[in-house]
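# Examining the three-dimensional arrangement
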Amino acid sequence: MQGFGPTIFAEMSALAARTGSLNLGQGFPDSDGPSSLLEDAVDAIRAGRNQYPPGSGEPELLAAVAEHQHRFHGLAVDPATEVLVTTGATEAVAASVLALCEPGDEVIVLEPAYDAYAAAIALAGGVQRSVPLRATATGFTVDADALRAAFSERTRLLLLNTPHNPTGAVLTAAELAVVAELAAAHDVVVVTDEVYEHLVYDGLRHLPIATLPGMAERTLTVSSAGKTFSVTGWKVGWLTGPADLVTAVRTVKQFVTFSGGAPFQPAVARALALPDAFFAELAGDHQRRRDLLCEGLRAAGFEVRVPAGSYFVVADPRPLGFDDGTQLCRRLPELAGVVGVPVSAFCTPGGEAAAEVRPLVRFTFCKRDAVLSEAVERLQRLRTH
Ligand SMILES: *Cc1c(COP(=O)(O)O)cnc(C)c1O
């Protein structure tokens with residue numbers, strides 16, 4: 001794990017705390033999830049649900065995840081054999097990589113990417129093959145030729161993330177079809193991180209790659225309660241997929257955490273069954289906050305690609321005279337009393353993707369309106385820096 005020191009996220013959060021800056025760097029909500037969910041967890045603790053849950057997860061959560069996959073995505077999974085509850089999406093991804101990637105095997109990652117992926121591949125002794133997403137005027141897209149060129153005989157896995165952190169991209173059906181075709185042609189398993197599945201805007205819909213023809217049998221679909229229900233500290237996640245792959249991941253998972261989150265599991269099970277209005281409100285609410293932040297960033301002089309999903313927006317500060325996102329992030333607390341994170345922190349250092357996103361800064365909009373408004377107001381100072 002050499003080279004995996006403390007991340008820039010820790011540095012930026014410490015900087016925010018030290019300078020009293022508004023932290024739009026780390027992506028965690030500043031208000032709790034639905035009160036019914038919180039009450040259900042309290043009730044579960046009082047009802048004595050405090051000992052080890054089964055290694056696969058509590059049966060009611062397994063059933064609720066299966067029901068959710070069917071209700072929102074039309075995916076049919078057997079709760080007994082095709083669902084695994086994990087300690088957050090992070091463990092689901094890490095255990096999948098540890099289970100399916102042998103030392104020397106290659107894993108394709110679209111960059112920028114959530115930083116836990118590179119660490120999981122390193123832990124497994126795998127070799128990461130990075131493919132840069134292409135920044136266009138409207139957003140970030142999959143470069144089919146670059147992706148095709150990244151496959152080799154040693155490719156075992158492809159890690160996908162949509163809606164995407166940090167860019168906010170929501171992969172289109174056409175992009176997913178390219179990924180699916182290549183994965184099938186090279187007999188590669190896709191591990192897809194869909195923690196932002198309910199944070200998609202402008203009437204778009206999230207499309208799990210497992211729903212594409214022939215993909216259910218080679219896809220592990222990962223999600224989590226953290227983002228959907230604004231309880232990131234609970235670390236209740238899950239994955240769904242074919243029984244043989246889920247069994248392999250369970251084998252690893254039982255020796256990592258075995259199980260966890262006993263009273264949270266039944267509470268999350270009930271939340272997954274909340275009416276459609278809850279999920280629509282969640283997306284609508286975040287779309288409003290997205291627009292508030294995007295408009296404010298534009299007014300402050302940034303160039304902004306409006307994200308179709310997730311709760312992040314990527315801002316380009318070059319019109320303001322900054323061309324290095326990392327340097328800008330280190331100075332932003334002093335210049336404006338706001339913290340963001342450089343997008344290059346989500347890339348292999350020195351790689352092609354890092355160079356491409358070098359100027360860019362990621363800000364989160366999963367904060368209260370008052371915090372976003374104040375942040376936006378402070379950022380206007382950059383015009384006169
Ligand atoms: C927040 C996040 C996670 C972490 O999920 P947990 O359930 O907290 O482990 C995983 N992947 C992405 C892309 C994220 O943004």
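As a convention, each chain's residues are numbered from 1 in the sequence order in which they are written. Residues qualify for local features only when their pLDDT is at least 70, as the model is predicted, and side-chain atom pairs are given and counted only at 80 or more; totals for whole chains, interfaces and linings, by contrast, use all residues. To get the side-chain values, all heavy atoms of the structure are used, and hydrogens and water are removed first.

Looking up the protein in an unreviewed UniProt entry gives the name N-succinyldiaminopimelate aminotransferase, with the organism given as Kineococcus xinjiangensis. UniProt positions are given in the numbering used here, feature names are shortened, and annotations may be inferred rather than shown by experiment. Its UniProt record, at the heading Sequence similarities (unreviewed entry), says of the protein: "Belongs to the class-I pyridoxal-phosphate-dependent aminotransferase family." Taken from UniProt, the Cofactor (unreviewed entry) comment for the protein reads in full: "pyridoxal 5'-phosphate".

In this scheme, strands are said to pair when DSSP sees at least two bridges between them. Only runs of H or I of at least four residues qualify as helices and only runs of E of at least two qualify as strands under DSSP, and these elements are numbered from the N terminus. Reading across from one edge, E2-E10-E9-E8-E7-E3-E4 is the order of the seven strands in this open sheet, with mixed pairing throughout. Strands at the two margins of the open sheet, each flanked by one partner only, are strand E2 (83–86) and strand E4 (127–132). Sheet twist, expressed as the average angle between the axes of neighbouring strands with direction ignored, equals 20 degrees. When strand E3 (residues 106–111) meets strand E7 (residues 155–161), the two strands line up parallel, connected through four bridges. Along E7, the bridge assignment pairs Val 107 with Leu 157. Here, two residues are considered to be in contact whenever any of their heavy atoms come within 4.5 Å of each other. The angle between two axes is taken between their N-to-C directions and runs from 0 to 180 degrees, where each axis is a line fitted to C-alpha atoms and a helix contributes only its stretch in contact. On top of the sheet, helix H3 (residues 59–73) reaches E2, strand E9 (219–224) and strand E10 (237–240); it is set at about 115 degrees to E2, its chief contact.

What marks off one domain from the next here is an automatic or database domain assignment. Along its sequence, the protein is organised into domain 1 (8–30 + 277–384) and domain 2 (35–274). On a C-alpha basis, the centres of domain 1 and domain 2 stand 25 Å from each other. The partner domain 2 presents 40 residues to the 31 residues of domain 1 that form the contact. Here the quantity called buried area is the total loss of accessible area, with a 1.4 Å probe, experienced by two parts when brought into contact, counted for both. At the boundary of domain 1 with domain 2, total buried surface from both sides reaches about 2800 Å², with 62% on carbon and sulfur atoms. Three residues stand out in domain 1 for area buried against domain 2, namely Phe 279, Arg 305 and Phe 346, and they jointly supply 24% of the buried area on that side. Salt bridges, as used here, are contacts in which a Lys or Arg side-chain nitrogen is within 4 Å of a carboxyl oxygen on Asp or Glu. Connecting domain 1 to domain 2 are three salt bridges. Here Arg 134 makes a salt bridge to Glu 356, at a shortest N to O gap of 2.8 Å.

Core analysis: the biggest nonpolar cluster contains 70 residues, and Val 97, Leu 297, Phe 302, Phe 363, Leu 379 and Leu 382 have the highest contact counts within it. Two domains share this core, each providing at least three of its residues, namely domain 1 (8–30 + 277–384) and domain 2 (35–274). Here Leu 379 is in contact with Leu 297, Ala 300, Phe 302, Leu 332, Ala 336 and Val 338, once residues within four sequence places are set aside. Formed by 30 residues, the second largest nonpolar core is a distinct cluster that contains Leu 110, Phe 140, Leu 158 and Leu 360. Definition used in this section: a nonpolar core is a set of buried Ala, Val, Leu, Ile, Met, Phe, Trp, Tyr and Cys residues joined via side-chain atoms within 4.5 Å. Exposure classes here rest on a 1.4 Å probe applied to the protein chains alone. A residue is buried below 20% of its type maximum, exposed above 50%, and partly exposed in between.

Cross-referencing UniProt, the feature "domain: Aminotransferase class I/classII large" (unreviewed entry) maps to residues 22–379 in the present numbering. A distance of 11 Å separates the end C-alpha atoms of residues 22–379, which is 41% helix and 17% strand.

Where H3 meets helix H10 (residues 264–272), the axes come as close as 8 Å, and the angle between the chain directions of the two elements is 25 degrees. Here H10 runs roughly parallel to H3, going by the angle between their axes. The two elements H3 and H10 cross, and the hand of that crossing is left-handed. Between H3 and H10, the residues in contact are Glu 60, Leu 61, Ala 64, Val 65, His 68 and Arg 71 and Gln 265, Pro 266, Val 268, Ala 269 and Leu 272, respectively. For this classification, under 35 degrees means roughly parallel, over 145 means roughly antiparallel, 65 to 115 means roughly perpendicular, and everything else is oblique. Should the near helix be turned anticlockwise from the far one by less than a right angle, the crossing is left-handed, and should it be turned clockwise, the crossing is right-handed.

What follows is about the site of the ligand. Residues are counted as near a molecule or strand when any one of their heavy atoms sits within 4 Å of it. Near the ligand, the surroundings consist of Gly 88, Ala 89, Thr 90, Tyr 114, Asn 161, Asn 165, Asp 193, Val 195, Tyr 196, Ser 224, Lys 227 and Lys 235. The definition of a polar contact used here is a pair of N or O atoms within 3.5 Å, where within protein one atom must be able to donate a hydrogen and the other to accept one, and adjacent residues in sequence count solely through side-chain atom pairs. A distance of 2.6 Å is found between an oxygen atom of the ligand and a side-chain nitrogen or oxygen belonging to Thr 90. A distance of 2.9 Å separates an oxygen atom of the ligand from a polar side-chain atom of Asn 165. Looking at the shell around the ligand, the element that brings in the most residues is helix H4 (residues 88–100), giving three residues. Counted by class, the shell around the ligand contains four nonpolar, five polar and three charged residues. All amino acids are sorted into three groups, where Ala, Val, Leu, Ile, Met, Phe, Trp, Tyr, Cys and Pro are nonpolar, Asp, Glu, Lys and Arg are charged, and the leftover types, Gly among them, are polar.

Along the chain, Val 97 turns up in helix H4. Overall, Val 97 belongs to the buried group, its relative accessible area being 0%. Along the sequence, Val 97 and Gly 261 sit 164 residues apart, while their C-alpha atoms lie 22 Å from each other. In this view, Val 97 contacts Ala 120, Ile 121, Ala 124, Leu 157 and Leu 159; residues no more than four positions away in its chain are not counted.

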